[in-house]
Amino acid sequence: QVLLVESGGGLVQAGESLTLSCAASGSDLWINVMAWHRQVPGKQREMVASITSGGSRTYADSVKGRFTISRDMAKNTVYLQMNDLKPEDTAVYYCNARTSRGSAWGQGTQVTVSS
């Protein structure tokens, strides 16, 4: 079992920035991919950004140019820097860690963007 702890969520105004952090611990499994997903009531959870252990990054079209995912493999920590936040970015953001034995999820952190 991989334990994931997210931090950094909160309430901001449109146009402001916020950075989320996710630290993985409690497992000897190698984490191949770390990612951020988000979900709002009534909609499916969607992938926002991901990064592999080799540094390959992917982004949802809705956040390209505004969000940046990064990681510190030595600390097993992934970050999501969110710039120029918009009200439509409001959601619960979940950290995800993928290994050869499956996928682990964090508890989620609320991000609310007011207009």
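Remember, it's a predicted structure, so these values are computed and weren't measured experimentally.

### Side note on the overall build of the chain
- Secondary structure summary: the chain contains 0 helices and 11 strands in total.
- The order of α-helices and β-strands along the chain, N terminus first, is β-β-β-β-β-β-β-β-β-β-β.
- For the chain, whose C-alpha radius of gyration is 13 Å, the value lies close to the compact-globule estimate of 13 Å for 115 residues.
- A principal-axis box enclosing the C-alpha atoms of the chain has dimensions of 45 × 25 × 20 Å.
- The proportion of buried residues among the 115 residues of the chain is 37%.
- When contacts within the chain are restricted to residue pairs at least 6 apart in sequence, long-range pairs at least 24 apart make up 51% of them.

### Remarks on unusual backbone geometry
- Of note in this structure, N76 is not a glycine but carries a positive phi near 50°.
- Mapped onto the elements, N76 comes out in the loop between strand 7 (67-72) and strand 8 (77-82).
- On the basis of relative accessibility, which here comes to 31%, the residue N76 falls in the partly exposed class.
- For D84, which is not glycine, the phi dihedral falls at a positive 50°.
- Checked against the element boundaries, D84 lands in the loop between strand 8 and strand 9 (91-99).

### Things to note about the sheet that holds strand 1 (residues 3-7)
- Within the open sheet, the 4 strands sit side by side as 1-3-8-7. Their pairing is antiparallel. Each edge of the open sheet is held by one strand with a lone partner, namely strand 1 and strand 7. Neighbour to neighbour, the strand axes of the sheet diverge by 15° on average, direction disregarded.
- Pairing between strand 1 and strand 3 (residues 18-25): 5 bridges, direction antiparallel. Each residue of the ladder has a partner; that of V5, found in strand 3, is A23.

### What about the environment of S103?
- For S103, the position within the fold is in strand 10 (residues 102-105).
- Once the C-alpha coordinates of S103 and L18 are considered, the two residues, 85 residues apart in sequence, prove to be 26 Å apart.
- Sequence-distant contacts of S103, that is, excluding residues within four places in its chain, are made with N96, A97 and R98.
- In this structure the side chain of S103 is engaged in a polar contact, spanning 2.4 Å, whose partner is the side chain of N96.

### Regarding the pairing of strand 4 (residues 33-39)
- By the criterion of burial, strand 4 is predominantly enclosed, with 6 of the 7 residues buried.
- Taken together, the 6 bridges between strand 4 and strand 5 (residues 46-52) define a ladder with antiparallel strand orientation. Among the inter-strand pairings, M34 is bridged to a residue of strand 5, identified as I51.
- Linking two consecutive strands that pair antiparallel, namely strand 4 and strand 5, is a turn of 6 residues; a positive phi of about 85° is found at G42 within it.
- Pairing geometry for strand 4 and strand 9, over 7 bridges, is antiparallel. Counted as the bridge partner of R38 is Y93 from strand 9.

Procedures and definitions
- Residues numbered from 1 in each chain as written.
- Predicted model: local features only at pLDDT ≥ 70, side-chain atom pairs only at ≥ 80, totals over all residues.
- Heavy atoms only, no water.
- Helix = DSSP H or I, 4+ residues; strand = E, 2+ residues; numbered from the N terminus.
- Rg over C-alpha atoms; globule rule 2.2 N^0.38 Å.
- Buried < 20%, exposed > 50% of the residue type's maximum accessible area, 1.4 Å probe, protein only.
- Contact = heavy atoms within 4.5 Å.
- Pairing = 2+ DSSP bridges.
- Axes fitted to C-alpha atoms, helices over the stretch in contact; angles between N-to-C directions.
- Polar contact = N/O pair within 3.5 Å; in protein donor to acceptor, adjacent residues only side chain to side chain.

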